[in-house]
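# A structural walkthrough
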Amino acid sequence: MPTGKAFVYQAPKRKKSEVYWSGLSGAAALLAADTDRDLVAWLKGLPAPQFGTLAPFFNTTSDKLNAFNSDSSLAFKLNLVGSWSGGSSNRSMQLDFVSTNGNRLVASRDVAVTSDVVTLATFFSIDAGGGIVTNGTKPVIRSNNGSFATTAVLLIAEQATRQT
């Protein structure tokens, strides 16, 4: 134990963005087939969420996901509830994180599924001073082989950090 000065350990605290939209319909909630959409810009264009805010992880000026400056993991989860148009059985939702090393999530839909709830979840191994801290990453979503009429969205990002 050091002498002369008191040592105070500060445990990491969880920082979290959690936002939920429901009752969505119309053109604003549609993810057009085979078209890249900026996820954060799309979410900002939806009606007000039932609860939550995009801050602190989603920068609504740059439309990017940013992390706190800590050597710690950042968890990410996106749930989309809705339905695909058309009769094709080959449909998927794709989410790319621009300017990262191959971070693409794809959720395929089986033709036997009658309720479309798409979950895209991952984690990022954040380095202090790294790219997602300094520049952020732009999440880009794409509905493959059919338009997706979204009725609800849940977005969560969280990171344990000592940063404020």
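Look up: the structure comes first, before these words.
Residues numbered from 1 in each chain as written. Predicted model: local features only at pLDDT ≥ 70, side-chain atom pairs only at ≥ 80, totals over all residues. Heavy atoms only, no water.

On a plain count of helices and strands, the protein chain comes out with two helices and 11 strands. Put simply, the protein chain runs from its N terminus to its C terminus through helices and strands in the order β-β-β-α-β-β-β-β-β-β-α-β-β. Once the C-alpha set of the protein chain is aligned to its principal axes, its extents read approximately 75 × 30 × 30 Å. Buried positions account for 41% of the 164 residues belonging to the protein chain. Long-range contacts, defined as pairs at least 24 residues apart, comprise 79% of the intrachain contacts of the protein chain with a sequence gap of at least 6. Surface accessibility of the protein chain: about 8,700 Å² in total, with carbon and sulfur atoms responsible for 51%. If the 15 positive side-chain charges of the protein chain are averaged to one point and the 11 negative ones to another, these points end up 7 Å apart. (Helix = DSSP H or I, 4+ residues; strand = E, 2+ residues; numbered from the N terminus. Buried < 20%, exposed > 50% of the residue type's maximum accessible area, 1.4 Å probe, protein only. Contact = heavy atoms within 4.5 Å. Areas by Shrake-Rupley, 256 points an atom, 1.4 Å probe, with all protein chains shown as cover. Lys, Arg positive; Asp, Glu negative; His and termini not counted. Charge placed at Lys NZ, Arg CZ, Asp CG, Glu CD.)

Below, the discussion takes up unusual backbone geometry. Here the residue pair Ala55 and Pro56 is connected by a cis peptide bond, since its omega of 5° sits within 30 degrees of zero. Inspection of the secondary structure puts Pro56 in the loop between α1 (39-44) and β4 (58-59). At Asp63, a residue that is not glycine, the phi angle is positive and equals roughly 60°. Relative to the helices and strands, Asp63 resides in the loop between β4 and β5 (64-65).

Core analysis: the biggest nonpolar cluster contains 37 residues, and Phe76, Leu78 and Leu80 have the highest contact counts within it. Listing elements by their share of this core, those giving two or more residues are β1 (13-21), α1, β6 (73-84), β7 (91-97), β8 (104-109), β9 (116-125), α2 (131-134) and β11 (148-161). Among the elements that line this core, the one with the most residues is β6, at five residues. Apart from the residues within four sequence positions on either side, Phe76 is in contact with Leu39, Phe58, Leu65, Leu95, Phe97, Leu120, Ala121, Thr122, Phe124, Leu155 and Ile156. (Core = buried A, V, L, I, M, F, W, Y, C linked by side-chain atoms within 4.5 Å.)

Inspection of every chain in the model, using the stated rule, returns six aromatic pairs. When the centroid spacing of 5.1 Å and the interplanar angle of 85° are considered together, the rings of Phe76 and Phe97 count as edge-to-face. With Phe76 in strand β6 and Phe97 in strand β7, this pair connects stretches of sequence that are 21 residues apart. Of the two residues, Phe76 and Phe97, neither departs from the other in class, the shared state being buried. The ring of Phe68 has Lys15 lying over it, and the distance from NZ or CZ to the ring centre is 6.0 Å. (Phe/Tyr/Trp six-rings, centres within 6.5 Å; stacked < 30°, edge-to-face > 60°. Lys NZ or Arg CZ within 6 Å of the ring centre and 35° of its normal.)

Remember that the coordinates give geometry; whether it matters functionally is a separate question.
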